[in-house]
Amino acid sequence: MVERELPLGGVSILAAKFAVCLTALVLAAASSASAQPSPPRPNIVYIVADDLGWKDVGFHGSDIKTPNIDKLAETGARLEQFYVQPMCTPTRAALLTGRYPFRYGLQTAVIPTPSKYGLATDERLLPQALKEAGYSTVMVGKWHLGHSDRKYWPRQRGFDYHYGSMVGEVDYFTHASANVKDWFRNNKPVKETGYVTRLWGEDAVAQINAHDPKTPFFLYLAFTAPHAPYQAPKEYLDKYKHIEDPTRRAYAAMITAMDDEIGNVVAALEKKGMRDNTLIVFMSDNGGNRTAMLSGDVDVSNLKLPADNGPYRGGKGMLYEGGTRVVALANWPGHIKPGVNNEIIHVVDMFPTLAGLAGASLSKGKPLDGVDVWSTLSDGKTSPRHEVVYNIEPFRGGVREGDWKLIWRTPLPSALELYNIAEDPSEKANLADKNPQMVAKLQKRIEELARESAKSLFLQDAFTAVKASTHGAPALPGEDAFFTQGD
């Protein structure tokens, strides 16, 4: 060989030339790789159910049929420690702001139908961030973040399009709340007939069909199902004739009707050629309702409430796991590893996570409470979240650090409940007396957060109403008291 005949110096020269060539090849490959276009930003379809019980889906063992949701769970990540706020308005606000509701006064209850307050207009919302990043932003469904003034409405808060209702719940067939029609498309009243869940599913499909795939797409699809009133079309009720209790039968029918519409949305994405580049997230806004007074304007006091939160204690409105740990999943073919994901995620994390995927700026607006959990969603990596704030209110607070969770009810007689959620997710064993140092640590954290809180708009509103009722003519006995009251 020629190389063997070369003197030592010649071998060194050949080696040097080989090294230079190899380095050049590596640099060229790196340059070529860096020049490759980055994967397209995903379309985002974010689906929210209303008052859905943790166990009331097929993949959690329910007899309620949810084949489309189950398929998304099977082929995506089942998020088994996904937390929200204990009620509707606070959760929706947390999703769209990336900030805990106690920071802007929406921490208590929901916005009542007669009330005039809403989500503060100086809060920057997710649709605004995505719109600035070039996304088409569409909302179909329930808003419930302010209805008395159009400045609170979806079209004024970053959505290019909105079709649906503004208040907490509507009749599924008349589209009315307290006999007032609450049905709009792009801020204008709409008169039409049809079952609410089906109409929203059909409109979501229509928006997908009309979309130009060259533009990234954000669809926020917020169902009212299965929130009261418990109503469903006959063909869905007939699917559950075997369920004796009529309320549970209607509840199950509502969930299956919603599942069918979700299936139609997925099919529309596939037909449009958008499915492979669409991230779908599904969650409930809080745990299933187990308390009649929290059903909104509908009187359900004589009904057996139908939601099932499985092993978790409590339900809607409560700081226990049953009110705050909800059904949730994330699905994006080829980008999210299928399987059960037990990492801790809070709904506030979705703002920075989705904004990051979309290339949207996080430098604008107020500081976020959410953290980017994309690696946790996609690969099941350890969540960067170590704390969960269940809620902070003047009369109670709940916070979790690591495995330890404290619920502190402050009205006298006060109560402290400490649970190790990893060992006791059903919250059966109150360990407060045995762990005074952990109690003190978490109490201190609740106090810190309480000092950062804005005043509860719900409580201010309620106080104003009570104050108004304390003025006026004295309530002295009338003439009829002569016959009805003793001397």
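It should be emphasised that the depicted structure is a prediction, and the values quoted were computed from it without experimental measurement.

(A) Fine view of the confidence of the model for the chain. Within the chain, residue pLDDT values average 92, and 91% of them lie at 70 or more. For residues 1-16, every residue scores under 50 in pLDDT, and the model assigns this stretch 4 contacts once sequence neighbours within four places are set aside.

(B) Geometry of the layout of surface pockets. Of the volumes computed, that of the largest pocket is approximately 570 Å³. As for the largest pocket, its lining consists of 31 residues, and the residues nearest its centre are M87, A109, V110, M293 and L294. Residue assignment for the lining of the largest pocket shows that the elements contributing at least two residues are α4 (88-97) and β15 (387-393). The class makeup of the residues in the lining of the largest pocket is 14 nonpolar, 11 polar and 6 charged. Here the second largest pocket is characterised by a volume of approximately 190 Å³. Lining the second largest pocket, in full, are N68, K71, L72, T75, G263, V266, A267, E270, R275, N331 and P333. In terms of residue count, the dominant contributor to the lining of the second largest pocket is helix α8 (residues 246-271) (4 residues). Among the residues making up the lining of the second largest pocket, the classes are represented as 4 nonpolar, 4 polar and 3 charged.

(C) Quick peek at α8. A rise of 1.5 Å per residue sets the reference length of α8, with its 26 residues, at 38 Å; its end C-alpha atoms lie 37 Å apart and thus fit the reference within 8%. The buried fraction of α8 amounts to 19 of the 26 residues, a majority that puts the element mostly inside the structure. The first or second residue beyond α8 is G273, which carries a positive phi of 80°.

(D) Examining the sheet that holds strand β12 (residues 328-331) more closely. Read from one edge of the open sheet, 10 strands run β9-β8-β5-β4-β10-β1-β11-β12-β2-β13, paired in mixed fashion. With partners counted over all chains shown, the strands left at the sheet margins are β9 (188-189) and β13 (339-341), one partner each. Each of β1 (43-49), β10 (217-222) and β11 (278-284) is contacted by α8, which is oriented at about 170° to β11, the strand it contacts most.

Cut-off values and rules
- Residues numbered from 1 in each chain as written.
- Predicted model: local features only at pLDDT ≥ 70, side-chain atom pairs only at ≥ 80, totals over all residues.
- Heavy atoms only, no water.
- pLDDT = per-residue confidence, 0-100.
- Contact = heavy atoms within 4.5 Å.
- 1 Å grid on protein atoms, 1.4 Å probe; cavity = no way out; pocket = protein on both sides within 12 Å on 5 of 7 lines; lining within 4 Å.
- Points joined across faces, edges and corners; volume = space filled by probe spheres on them.
- Helix = DSSP H or I, 4+ residues; strand = E, 2+ residues; numbered from the N terminus.
- Nonpolar A, V, L, I, M, F, W, Y, C, P; charged D, E, K, R; others polar.
- Expected span 1.5 Å × (residues − 1).
- Buried < 20%, exposed > 50% of the residue type's maximum accessible area, 1.4 Å probe, protein only.
- Pairing = 2+ DSSP bridges.
- Axes fitted to C-alpha atoms, helices over the stretch in contact; angles between N-to-C directions.

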